Amino acid sequence: MAQSFDFYQAPGHLVRRAHQRAVALFMEETAGFDVTPVQFAILNELIDRPGEDQVTLAARVAFDAATSGSVIGRLEARGWVRRVPDMRDRRRKLLWVTPRGRGRCTADARRGPAGPGAPHGAVV
């Protein structure tokens, strides 16, 4: 007789559950910052590499150009990111985090929960 499929041990199911947990931890740790995991990744990349172009940024944070473009548009509308055309190639857009955007990714948010025995850091 054939054994039934153990759904709870299937790699795809386990990866999905791990992702759900990672997002839940991220949302707990950054609750006061009003930022999504995708926005956090983009803002942190721009804090570390100011003036990065939009295509390179998308590749660095592992998002497709359409997704990152729409997220960057929302970040720009909130005043968290400044987007300007490159003077050498006006088709290319360069990005900087504004002081308001930097406030969403303070050292506390980047580090994760403070205090002894904290089981994890910020999850992106």
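Residues numbered from 1 in each chain as written. Predicted model: local features only at pLDDT ≥ 70, side-chain atom pairs only at ≥ 80, totals over all residues. Heavy atoms only, no water.

Chemist: Got a minute to help me understand the sheet that holds strand β2 (residues 81-85) in this structure?
Modeler: One key point about sheets: their strands pair by backbone hydrogen bonds, in either a parallel or an antiparallel sense. Strands sit in the order β1-β3-β2 across an open sheet of 3 strands; the sheet is antiparallel. With partners counted over all chains shown, the strands left at the sheet margins are β1 (52-53) and β2, one partner each. Two strands pair when backbone bridges link them, and β2 and strand β3 (residues 93-97) are joined in this way by 5 bridges, in the antiparallel orientation. Looking at β3, one finds that Val 84 is bridged to Leu 94. (Pairing = 2+ DSSP bridges. Helix = DSSP H or I, 4+ residues; strand = E, 2+ residues; numbered from the N terminus.)

Chemist: Sorry, what's going on with the packing of aromatic side chains here?
Modeler: How two aromatic rings sit relative to each other is set out by the distance from centre to centre and by the angle between their planes. The final tally for this structure, using the stated rule, is 2 aromatic pairs. Between Phe 7 and Tyr 8, the ring centres sit 5.5 Å apart and the planes meet at 80 degrees, which makes this aromatic pair edge-to-face. We classify Tyr 8 as exposed; its relative accessible area is 57%. Ring geometry for Phe 26 against Phe 40: centres 5.2 Å apart, planes inclined by 70 degrees, an arrangement best described as edge-to-face. (Phe/Tyr/Trp six-rings, centres within 6.5 Å; stacked < 30°, edge-to-face > 60°. Buried < 20%, exposed > 50% of the residue type's maximum accessible area, 1.4 Å probe, protein only.)

Chemist: How should I be thinking about the confidence of the model for the chain in this particular structure?
Modeler: Caution applies to low-pLDDT regions: their predicted coordinates should not be interpreted in detail. Summing up the model confidence of the chain, the mean pLDDT is 84 and the portion of residues at 70 or higher is 83%. Contacts of residues 114-124 to residues separated by more than four positions or lying in other chains number 20 contacts, the stretch itself having pLDDT below 50. (pLDDT = per-residue confidence, 0-100. Contact = heavy atoms within 4.5 Å.)

Chemist: Just to check I follow, could you spell out the environment of Asn 44 for this structure?
Modeler: In this fold, Asn 44 is placed in helix α2 (residues 37-48). On the basis of relative accessible area, Asn 44 is assigned to the buried category, the value being 10%. Each C-alpha atom of the pair Asn 44 and Cys 105 lies 6.8 Å from the other, and the pair is 61 residues apart in sequence.

Chemist: What is the right way to read the pattern of salt bridges from this model?
Modeler: Any two side chains of opposite charge can pair, so long as their charged atoms come close to each other. The full count for this structure, using the stated rule, is 10 salt bridges. Of the charged contacts, one joins Arg 60 and Glu 52 as a salt bridge, the two residues approaching to 2.8 Å between their closest N and O atoms. The partner of Arg 92 in a salt bridge is Asp 86, and the shortest N-O contact between them spans 2.5 Å. (Salt bridge = Lys/Arg side-chain N within 4 Å of Asp/Glu carboxyl O.)

Chemist: What is the right way to look at the nonpolar core in this model?
Modeler: Nonpolar side chains in soluble globular proteins generally cluster together in the buried interior. If you look at the biggest cluster of nonpolar residues, it comprises 19 residues, and the most contacted ones within it are Val 35, Ile 42, Leu 43, Leu 46, Leu 57, Leu 75 and Val 81. Taken together, the elements giving at least two residues each to this core come down to α2, α4 (65-77) and β3. The dominant element in this core, judged by the number of residues it contributes, is α2, at 6 residues. Excluding residues within four positions of it along the chain, Leu 43 makes contact with Val 35, Leu 75, Trp 80, Val 81, Val 97, Gly 101, Arg 104 and Cys 105. (Core = buried A, V, L, I, M, F, W, Y, C linked by side-chain atoms within 4.5 Å.)

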